[in-house]
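Working through the structure, step by step
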Amino acid sequence: MTDTPRLFLPRDAAALSVGADGVAAALPQDQLVRTGSRGMLWLEPLLEVDTPDGRIGFGPLCVTDAKRLAETGFPKDHATCLGKVENLPWMKIQRRIIFERCGVIDPLDLDAFKASGGLDGLRAALASNAADIVETVTRSGLRGRGGAGFPAGIKWKTASEAQADQKYICCNADEGDSGTFADRMLMEGDPGQLIAGMIIAGLAVGATKGFIYCRSEYPHAIATLKAAIASWEGRGWLGADILGSGKAFELEVRRGAGSYVCGEESAMLESLEGKRGQVRVKPPIPALSGLFGKPTIVNNVLTLASVPWILEHGGEAYAEIGHERSRGTQAYQLAGNIRRGGMLEADFGISLRELIEDFGGGTLSGRPLKAVQVGGPLGAYIPADGLDLPMDYEAFAAAGAMLGHGGIVVFDDTVDMARQAEFAMEFCAEESCGKCTPCRIGSMRGAETISKIRDGENVEANLELVEDLCTIMTDGSLCAMGGLTPMPVMSALRHFREDFTSSDAKLKDTVD
Amino acid sequence: MREQSVAADYRLTHASTKQFQMARRALNSLQRIIIPGESCVPHDIDVVAKICAHHNHDPAALLEILHDTQEHFGCVSDEAARRIAQDLNISRADIHGVRSFYGDFTRDTDKPKLKLCRAEACQAVGSEELARRLSARGIASETIYCLGNCALGPAAMIGKRLIGRASAELLEAELADD
C-alpha cells in the first residue's frame, strides 16, 4: 500500500443517512473520492481503500473509527476491516450490468466514466442506424423494469415507426414503491449510464428531446443528475452534436411533487405537461401519442440504463442471461425488517428464499419471518412457506404475485396482516388520482370495510364484500393503482385469513 | 360571486380526488377559500415573476415553478398563484388544481419541518410506533410514502437531509440542530 492510498466513500443518500459525511470529514481530503454505493447498505458508511491487490473495505464506520484508521494507515487487522470488497459473498454472486460503475467511480468524473467504457454503448449506437438499434434491443429480450415487464423493443419499434415532427424520451424515475431504491442508487451513483441509455433511445426512435421525471423525495439524485447533464453538455457528449456525430439530443430533469400515481406512465406525462397527475385513458398508447400528444417512449431508469450494455455487447449476449422469458439482470432490493438490507444485481431466476436468507440474513429483529411483500405497495404478500419462488415475471404472475420493480419488503411475526390490507386500501385512497370510480370510491369503501372486519363487525359478510369489491377494482380500474391494490389485500386474505377473523376487537371487548 | 365560483371550482376538482382526506379537511379548505383574506405571509411578489421568467413562462414547467416558489416562501400563496397565472397565461383554477393535487405544495406555511416515512418498508421496522412517540413529544411530522431509504428504516427527512435508522431521540436532536 502506498502511503497515501486513494479512499472511496459513498455519497449515496442512504450512506449519508447513516453519517457518511461525518466519516468523510475525518479522512484526508486529498485522497478521498466520493462514489455511489455498492448496495451493501447495512455496511454503510463503507470506506474502500485502494491497495495494489484491490480495494479493501472498512465498515460500517463511525467518525471515531475513521479518524483512528486514517491515523494508523488503514490496518487490515482493524475490527471493521472486511477484506477485499470484490470478494465479499454479496458482491461475488452479482452480475453487474447496470450497476457496473456504481460505487466504483465518482459519478461526476467523466474521465473515469469514459475510461471504464461508459461511452462504448453510445458509440456503438452512433455508428449504427435507428432500425438496427431497435432490432438489437428487441433481440435482447429486454423488458420494462418499472413493473409491467413490457418488451422494450416492441415499444421502441412502435414509436420509431410513428410519423411526427417531434418525439420524446421520458425516463420514469418516480420510484414511489416502498422497498425500492435501485433507481435512486443508479441516478446518484452512475447517472452517465442512464444518460447514455436515453440518448440511445432517442437515436433509435428519432427523438431529440428527453425528460427525466424524478420524484422530489430524491433531492440527492436530482442534484447529481443535473450536475451530470451539465458536464455532459460541457463535453459535447450531449446537446446539438453528440460526440461529433451531428446527432442531437437534449435532456432535462423535472421534479415530481409527492404524488405516487405519477409513477403511472400517463399520469407522469400529464405531470410533465404541468398538470394534475391524472391517468389518461388508453388507447392511444404513449408510443403513438404521449407527451404533448407526440410519440413518446416512457421507460424506467433501469430499463434505459440496461441499453448501453446491450448496444456494446449485442442483443444475443444479453438474451443469454436470465431465466425463462425474463432476460437479463434484475436489481433486487432487500428492505424492511432485514438484517442485511441493500441492492444486488443478479440474473433473473434466483429464488426469493436465497435472497432473503442467504443474502439478507433473515429478519433484523431476529424474530421469525411472517410475510414478504414483493413489488411495492401494489404487490402481493407472500407467506414464509412460499419463498421458493424464482424471481421471474411469469413465475410470480402464476403465483398470484408480481415482481414489480424488484423491491422485497420483509416483515417479522409481529405484523398484523389485516392492518396491512387496510393500509393498502388507505394508501390507494390517499394516492388515487380520482379519475375512475373503482379506484377512487372502491379504495375508500375497502378501507372502511376492512376496518369493520378488524373491529369484529359482521366479519364473514364483510370479508365477502371486500372480495367482491376487489374483483370490481381489478376489472374496472383505469390503471394499475386501483387495478392492483386488490393484490396485497387479497394475498393477505388468502394467506393470513386468521389475522382477519381472530380480530383484536374480540380481545378488546373482553378487556373493556 | 367570485368566491362562489372559486368554491364551486374547488368542489368540482376535489370531488374527484383525495377522498381519503375526509370531509373535515375538505371543509376546512373550503372555509379558507370562502372566507376572504390572503393565505401565507406577505412576500416579495417580484421573486415569483423572476421564477416564472427563469422557466421561460412555460406552462409545462408549472411544477418546477411551484417547487421554486414553495422552496422560497414555504408556501404557494394565493398572491403567488395569481402572479404565476398571469405570467404563464393560464387560469388561477388551473394553478389551484395543481397546487392542491400534489402533496409538496401548500397554500400556507404550515408544513412541518420533519418528513417521516410511513410506507411498508418503514412500517416493518416500527415507523408507526415512532410516529406515536414523536407526537407524544409534541413533534409534528409530515407523512411521506417512501424516501428511498428502505433498507435503513425508519427513514426521515429534514429539509434535504435524509436520516436513516431514525428514533424519536435522534430526530429530536436533529431538529434542534437544524
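All figures in this text were calculated on a predicted structure; none of them were measured in a lab.

The next thing to look at is the overall build of chain B. In terms of helices and strands, chain B carries nine helices and four strands. From first element to last, N terminus to C terminus, chain B shows the α and β order α-α-α-α-α-α-β-α-α-β-β-β-α. Looking at chain B as a whole, 52% of its 178 residues qualify as buried. Taken as a whole, chain B presents about 8,300 Å² of accessible surface, with 53% of it coming from carbon and sulfur.

As a further point, take the nonpolar core. All names here are of chain A. In terms of nonpolar packing, the biggest core is built from 188 residues, with W156 and W232 touching the most fellow members. Take this core: its biggest share by element is ten residues, from helix α10 (residues 191–205). Within the second largest apolar cluster, 16 residues are counted, among which are L7, L27, L47 and C81.

Residue and element names in this part refer to chain A. Along its sequence, chain A is carved into domain 1 (7–92), domain 2 (110–319), domain 3 (322–412) and domain 4 (417–511). Here the C-alpha centre of domain 3 lies 28 Å away from the C-alpha centre of domain 1. With seven residues of domain 1 at the contact, the number on the domain 3 side is eight residues. For the domain 1 and domain 3 pair, buried surface summed over both sides reaches about 540 Å², with 69% attributable to carbon and sulfur atoms. Its largest share of buried area at the contact with domain 3, domain 1 owes to G39, W42 and W90, together 83% of the area lost on that side. Connecting domain 1 to domain 3 are zero salt bridges. Put simply, domain 1 and domain 3 have four residue pairs in polar contact (both at pLDDT 80 or more) between them. Residues belonging to the side of domain 1 that touches domain 3 are distributed by class as follows: five nonpolar, one polar and one charged.

Further remarks concern helix α19 (residues 459–476) of chain A. Working note: α-helix, 3.6 residues per turn, so residues spaced by three or four point in the same direction. Residue and element names in this part refer to chain A. Spanning 18 residues, α19 covers 25 Å between terminal C-alpha atoms, matching the ideal 26 Å at 1.5 Å per step. What α19 keeps buried is the set V459, N462, L463, V466, L469, C470 and M473. Viewed along the axis of α19, the buried residues span an arc of 120°, placing them on a single side of the element. Away from its buried face by more than 90 degrees, α19 exposes E464 and D475. Buried residues belonging to α19 abut α17 (417–431), α18 (437–454), α20 (480–484), α21 (486–495) and α22 (497–501).

Here the focus is helix α13 (residues 301–313) of chain A. Residues and elements named next belong to chain A. α13 sits mainly inside the fold: eleven of its 13 residues count as buried. Within α13, burial applies to V301, L302, T303, L304, A305, S306, V307, P308, W309, I310 and L311. Measuring from the side-chain oxygen of the N-cap residue of α13 to the backbone nitrogen of L302 gives 2.8 Å; that N-cap residue is N300. In the stretch just after α13, G314 is the one whose phi turns positive, near 95°.

All names here are of chain A. For S443, the location among the structural elements is in helix α18. Reaching out from S443, the side chain makes a polar contact with the backbone oxygen of R440 at a distance of 3.4 Å. Each residue touching S443, except ones within four places of it in the same chain, is listed here: M425, C428, A429, P438 and M473.

Residue and element names in this part refer to chain A. Judged by pairing direction, the sheet is mixed, and its five strands sit side by side in the order β13-β12-β16-β14-β15 without closing on themselves. A single partner strand is all that each edge strand has here, and the edge strands are β13 (342–347) and β15 (381–383). Averaged over all pairs of adjacent strands, the angle between strand axes in this sheet comes to 30°, irrespective of strand direction. Bridge analysis of strand β12 (residues 329–336) against strand β16 (residues 407–412) gives four bridges, and the strand direction is parallel. For Q333, the partnering residue across the bridge sits in β16 and is G407. Most of the contacts of α21 go to β15, to which it runs at about 20°, and overall it touches β14 (369–374) and β15.

Our focus in this paragraph is unusual backbone geometry. All names here are of chain A. A cis geometry characterises the amide bond from E44 onward to P45, with omega recorded as -10°. With respect to the helices and strands, P45 occurs in the loop between β2 (32–35) and β3 (47–51). Of note, the amide linkage connecting K282 to P283 takes the cis form, showing an omega dihedral of 0°. Within the secondary structure layout, P283 lies in the loop between α12 (265–272) and β9 (296–300). With a phi close to 50°, F292 is a non-glycine residue in the positive phi region. Structurally, F292 can be placed in the loop between α12 and β9. Judged by relative accessible area, which is 39%, F292 ranks as partly exposed. Positive phi values are uncommon outside glycine, yet E324 reaches one of about 50°.

The subject of this paragraph is the interface of chain B and chain A. Interface extent is often summarised as the accessible area lost during association of the parts. Chain B puts 48 residues into the contact, and the matching count from chain A is 66 residues. Taking both partners together, chain B and chain A bury about 4,300 Å²; carbon and sulfur atoms supply 56% of that area. Viewed at the interface, chain A and chain B are joined by three salt bridges. Here A:R255 ties to B:E71 by a salt bridge, and the two come within 3.1 Å at their closest N and O atoms. Between chain B and chain A we count 24 residue pairs in polar contact (both at pLDDT 80 or more) in total. Tallying contributions element by element places helix α4 (residues 62–73) of chain B first for the side of chain B that touches chain A, with six residues. Of the residues contributing to the side of chain B that touches chain A, the split by class is 25 nonpolar, 13 polar and ten charged.

Calculation notes
- The numbers attached to residues start from 1 for each chain and follow its sequence in the written order.
- Chain letters start at A and ligand numbers start at 1, both assigned in the order the entries are written.
- A pLDDT threshold of at least 70 governs which residues receive local features in this predicted model, and a stricter bar of 80 or more applies before side-chain atom pairs are shown or counted, although totals over entire chains, interfaces and linings include all residues.
- Each side-chain value is derived from all of the structure's non-hydrogen atoms; neither hydrogens nor water enter the calculation.
- By definition, any uninterrupted DSSP run of H or I lasting at least four residues is a helix, any uninterrupted run of E lasting at least two residues is a strand, and each is numbered from the N terminus.
- Three labels apply to residues, based on accessible area from a 1.4 Å probe with only protein chains included: buried if under 20% of the type maximum, exposed if over 50%, partly exposed otherwise in between.
- In short, Shrake-Rupley with a 1.4 Å probe defines the accessible areas, and a residue's cover is counted only from the protein chains shown.
- Definition of nonpolar core: a set of buried residues of the types Ala, Val, Leu, Ile, Met, Phe, Trp, Tyr and Cys, connected through side-chain atoms within 4.5 Å.
- Annotation comment: domain bounds sourced from an automatic or database domain assignment.
- Whether two residues are in contact is decided by their heavy atoms: any pair within 4.5 Å suffices.
- Accessible area, probed at 1.4 Å, shrinks when two parts are joined; the buried area is that loss added up over both.
- Salt bridge, as applied in this entry: a Lys or Arg side-chain nitrogen positioned within 4 Å of an Asp or Glu carboxyl oxygen.
- Whenever two N or O atoms come within 3.5 Å, that pair is a polar contact, provided that in protein one can donate a hydrogen and the other can accept it, and provided that, for residues adjacent in sequence, both atoms are side-chain atoms.
- Any residue that is not Ala, Val, Leu, Ile, Met, Phe, Trp, Tyr, Cys, Pro, Asp, Glu, Lys or Arg is counted as polar, Gly included; the first ten are nonpolar and the last four charged.
- Multiplying 1.5 Å by the helix residue count minus one yields the expected span of that helix.
- Along the arc lie the directions from the helix axis toward the C-beta atoms.
- At least two bridges found by DSSP between two strands are what make those strands a pair.
- To obtain each axis, a line is fitted to C-alpha atoms, and for helices this fit is confined to the stretch in contact; angles are then taken between N-to-C directions over 0 to 180 degrees.

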